[in-house]
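# A closer look at the structure
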Amino acid sequence: MSKNKIKVLFICLGNICRSPTAHGVFLHKVTEAGLGHRIEVDSAGTAAYHVDKAPDRRAVAAAARRGFDLTPLRARKAIPEDFLEYDYILAMDRQNIEDMKRITPAGYPGHFGLLMGFAGEPDVEVPDPYYGEDHGFERVLDMVEKASNGLLKEIEARL
Ligand code: 4NP
């Protein structure tokens, strides 16, 4: 079955490191594939600590080195209505899944799970780079790029 528009939401804790990285990388790939009018992308955090803030400057810098622009993004908190709107809700780690489950309506028909399932690694979590060194942000990018490629392939097959 073909759908006119598919909506993807990336989830992490603060919405300033991992999920904005996924947001920027996936949006870039969607745009590059000429599918900007068919696929909508957003990201949100399970916590409200950083609402309205730009992504962490280390995430912005690491993404920019690979040609991805995170500067327009601003943090927001995930809300129950996200489950009414998004077809894919993709979390970075298991704690995010547990936190989101508190606001997941019964019978959510979309795909709610770990992002790395789309990299063929369904049990793998994207580690939180916030308190670590710069290489943590490179690792996040490696993982997110791999999963984004898999996700785009799956969605392209549905369109
Ligand atoms: P994120 O990283 O969940 O990848 O955005 C974090 C950002 C901030 C905090 C934790 C994780 N914090 O505790 O402020």
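The structure under discussion appears in the preceding block.
Residues numbered from 1 in each chain as written. Predicted model: local features only at pLDDT ≥ 70, side-chain atom pairs only at ≥ 80, totals over all residues. Heavy atoms only, no water.

### A closer look at the site of the ligand
Cut-off, in case you're wondering: If even one non-hydrogen atom of a residue comes within 4 Å of a molecule or strand, that residue is called near it. Two N or O atoms form a polar contact when they lie within 3.5 Å of each other; inside protein one atom must be a possible hydrogen donor and the other a possible acceptor, and for residues adjacent in sequence the pair counts only when both atoms belong to side chains. For this classification, Asp, Glu, Lys and Arg are treated as charged, while Ala, Val, Leu, Ile, Met, Phe, Trp, Tyr, Cys and Pro are nonpolar and the rest, including Gly, are polar.
Around the ligand sit C12, L13, G14, N15, I16, C17, R18, Y49, H50, D128, Y130 and Y131, and those are all the residues in its vicinity. I16 is positioned such that a nitrogen or oxygen atom in its backbone is 3.0 Å from an oxygen atom of the ligand. Class assignment of the residues belonging to the shell around the ligand gives a composition of seven nonpolar, three polar and two charged.

### A few points about unusual backbone geometry
Across the chain, the bulk of peptide bonds are trans and the bulk of non-glycine residues have phi less than zero. In plain terms, the rule: Think of it in three bands: with a 1.4 Å probe and only protein chains considered, a residue is buried below 20% of the maximum accessible area for its type, exposed above 50%, and partly exposed in between.
Even without glycine at this site, N15 takes up a positive phi of about 55 degrees. We classify N15 as buried; its relative accessible area is 2%.

### Focus on helix α4 (residues 94-101)
Rules: The way it works is that DSSP assigns letters per residue, a run of H or I at least four long becomes a helix, a run of E at least two long becomes a strand, and they are numbered from the N terminus. Our arc is simply the arc of the directions from the helix axis toward the C-beta atoms.
For α4, the complete set of buried residues consists of N96, I97, D99 and M100. Along the long axis of α4, the arc covered by the buried residues comes to 165 degrees, so they all point the same way. Sitting at the amino-terminal end of α4 is D93, which places a side-chain oxygen 3.1 Å from the backbone nitrogen of Q95.

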